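Observations on the three-dimensional arrangement
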Amino acid sequence: MLLEVQHVTMRFGGLVALESVDLDVDRGEIVGLIGPNGAGKTTLFNVVNGVYAPSEGRILFRGEKISGLPAHQVARRGVARAHQVVRPLNELSVKENVVVGACFGREQLSLRAAGAVADEVLDLVRLAEKSDSLSSKLNVAQKKRLELARALASRPHLLLLDEVLAGLNPTEVTEMLDVIRSVRQGGVTVLMIEHLMHAVMSLSDRVVVLDYGRKIAQGTPEAVSSDPSVIAAYLGDPKIAAQFLAEGEETPDPAAPADNEAAEPALAAPGDRR
Amino acid sequence: MALPLARPSSAPAITLAPPDAGPRAAPQPRELPAWRRPFLWVLLALIVGIAAVPVIVGSAAMREEFFLILMLVIMATSINIIMGYTGYVSFGHVVFFGLGGYTAFFLMMKLQVHFVLAALVGGALAVLFAVVLGSAVLRLRGAYFALATIGVNEATRSVVMNVEPLGGATGMFFNYAIYGQYGGAKMALWLAYYAIVVVALAAVAASYFVRRSKFGLGLMAIREDQDTAQVLGISPARHKVAAFAVSALFPALSGAIFFFKNGVIEPGTAFHLLTSIEGLVMVMLGGVGTISGPIVGAVVYERLRAFLLTNPLFSALHLAIAGVLLLVIVLFVTAGVVGALRQRFALIRAYVE
């Protein structure tokens, strides 16, 4: 196992954000993490990458206990993260942002080697021509890709993607899905939070569902989307669940269906029950 | 597009460029290693060239003026390392100037230690103090850090004023016989000048190499967003303390040299808060976060101050004018002189850092 989350509980004062969550991620997998807003998905990421130390339980990464380590120590062990709310280092150029990832991530590269890695990663996420712009000048979609590039540049074993597709238009989503697939083919394990159901269903090998801080289901996308408790908590309507699954099985074609595009915004956040 | 992103670390770093990456710009000047780029060498040669003028002309008045300017350059450049690169405004930075001065003065006067050795010990002590102090106060962010540094400076001054071996509130002064071992008082003044030139060159070189290094990139990442920097693998505590230590060294050396030349040291001048506030004005004036900005700022500020102080109309108002100047910079030219020029002219950007 690459990542083992064992009985992790996270309390903030009286609020229990995570309650005895267990989660295993195997090398090379893409695991989707879904659940309604406030279910504790981002908190779980924060616990895994060391922003918070769990109140109870422990986390093993490549067999080593990482819970309780500060975030920079976890990053150096090969866990990289793309944030839900993009956080570029504004007054640095796009390339410098990515160089930071390469310099201080798992491989601790020199500036020069990091520059070469940054160029490659920027090519991969198609930001090469923006390389010298200030990162604050990018638009939202570009900032999302920068966030991903910076994480990739650290050459992680495990990549935590927190809603990297949110706010992107359908073309951009398709591009991003291609990038994530090629990342996985490169041998990086991916744990992703995503509300865009057809993306989760088509990308993930396994899906884990959180609700009110508890893990309520896990399994293949098919199994999860037909699980009654998941439908009740998150997906809402069994017919819609079936529809997601059908869309997920189609190979997404960038040039194709206009009706699919039109339908997407409605499907983007099925779990917003507040 | 199958890219071996998590390849074993032994593999060469360049393997993953896709063959169809398309035309990428030819190697840019940016790719040169830091020490081979001309900017630093031109800048250092310029400082040496200008500093050599009083020596060649043999003018003591010019020497004293240049001494003062170089001292300001050292203070501004050092403050810029912690303020411009790291984003922590150190208001009480003069504490290191005073500490270095007092340490060296005490060693020279009471223990007859040679000036150079005394200055180095003063510098080392200031660095040690910065590490201990930084480990505590660099946890604070923004205004709280700035206030803490003022408090530390005021506290240090009070302590020094009450330590009898350091002369208490009246301070210490040399017996002029001390200058005998340097060839008399006149030679000692020249020695102090050469020393301040060397320290200024070292400070500028340090500022340059920090700015161009991986360490400096880490500092700038912390300046932009400390939490993100940490998630990217940067240890904020270690980086900030190291930056603070580097920025403490040069003012301490400069303090040791200044009070050696002065022959008198007292708490009021050694820990004068105004010195570090003027340092902040110079950094802001020249261009925060740039290498040449603090130098330009120090020179311009010193010239302006000299003009105002010698002008009967303005002599009482020079601090008020400095205050208005700071206000104007903060409101309208936030990037400072060098920063504004860099933003305006692409040509300058390639040559001025």
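As a reminder, the structure under discussion sits directly above these lines.
Presented here is a report on the structure given in the accompanying data block. (Residues numbered from 1 in each chain as written. Chains lettered and ligands numbered in written order. Predicted model: local features only at pLDDT ≥ 70, side-chain atom pairs only at ≥ 80, totals over all residues.)

Re the overall build of chain B
The secondary structure content of chain B amounts to 15 helices and two strands. Taking 20 Å as the expected radius of gyration for a compact globule of 353 residues, we find that chain B reaches 22 Å, a close match to that expectation. Residues classed as buried in chain B amount to 45% of the 353 residues present. (Helix = DSSP H or I, 4+ residues; strand = E, 2+ residues; numbered from the N terminus. Rg over C-alpha atoms; globule rule 2.2 N^0.38 Å. Buried ≥ 20, exposed ≤ 12 C-beta atoms within 10 Å, placed from the backbone.)

Here we look at the packing of helix H11 (residues 273-286) of chain B against helix H12 (residues 293-310) of chain B
Residues and elements named next belong to chain B. In contact at an axis separation of 7 Å, H11 and H12 are set at 115° when each is read in the N-to-C sense. The hand of the H11/H12 crossing is right-handed. When H11 is examined against H12, the residues Glu278, Val281, Met282, Val283, Leu285 and Gly286 are found in contact with a partner set consisting of Gly293, Pro294, Ile295, Val296, Gly297, Ala298, Val300 and Tyr301. Considered class by class, the residues forming the contact of H11 with H12 number 10 nonpolar, three polar and one charged. (Axes fitted to C-alpha atoms, helices over the stretch in contact; angles between N-to-C directions. Left-handed = near helix turned anticlockwise from the far one by under 90°. Contact = placed C-beta atoms within 7 Å. Nonpolar A, V, L, I, M, F, W, Y, C, P; charged D, E, K, R; others polar.)

Considering the packing of helix H4 (residues 111-124) of chain A against helix H5 (residues 140-153) of chain A
Residue and element names in this part refer to chain A. Between H4 and H5, whose axes approach to 9 Å, the crossing angle comes to 135°. When the interaxial angle is binned, H4 and H5 end up oblique. Seen along the crossing, H4 lies across H5 with a hand that is right-handed. Here Val117, Ala118, Val121 and Leu122 of H4 lie close against H5, whose contacting residues are Ala149, Leu152 and Ala153. (Parallel < 35°, antiparallel > 145°, perpendicular 65-115°, else oblique.)

Focus on the environment of Val246(B)
Residue and element names in this part refer to chain B. Assignment of secondary structure puts Val246 in helix H9 (residues 236-262). Look at Val246 and you get buried, because 22 C-beta atoms sit within 10 Å. Taking C-alpha positions, Val246 is 9.3 Å from Val210, a pair spaced 36 residues apart along the chain. Filtering out sequence-adjacent residues up to four positions away, Val246 remains in contact with Ile81, Ala206 and Val210.

Details of the sheet that holds strand E3 (residues 30-34) of chain A
Each strand in a sheet pairs with another by means of backbone hydrogen bonds, the pair being arranged parallel or else antiparallel. Residue and element names in this part refer to chain A. Taken in spatial order, the six strands of this open sheet run E6-E7-E8-E3-E9-E10, and their pairing is mixed. Single-partner strands in this sheet number two, and they are strand E6 (79-82) and strand E10 (214-219). The average undirected angle you get between the axes of adjacent strands in this sheet is 20°. Pairing between E3 and strand E9 (residues 206-211): four bridges, direction parallel. Opposite Leu33, over in E9, you have Val208 as the bridge partner. Sheet contacts for H5: E6 and strand E7 (158-162); angle to E6, the most-contacted strand, approximately 175°. (Pairing = 2+ DSSP bridges.)

Here we look at the pairing of strand E8 (residues 189-193) of chain A
Residues and elements named next belong to chain A. A large share of E8 lies buried, amounting to five of its five residues. Burial along E8 is two-sided: Thr189, Leu191 and Ile193 and Val190 and Met192, pointing in opposite directions, are all buried. In this sheet, E8 lies alongside E3 in parallel orientation, the contact comprising four bridges. Residue pairing in the sheet places Gly32 in a bridge with Met192 of E8. The pairing of E7 with E8 spans five bridges and is classified as parallel. Residue Leu159 lies in a different strand from E8, and its bridge partner there is Val190. At this point the chain moves from E7, through helix H6 (residues 170-185), to the parallel E8, and the crossover so formed is right-handed. (Right-handed = clockwise from strand over helix to strand, strands pointing away.)

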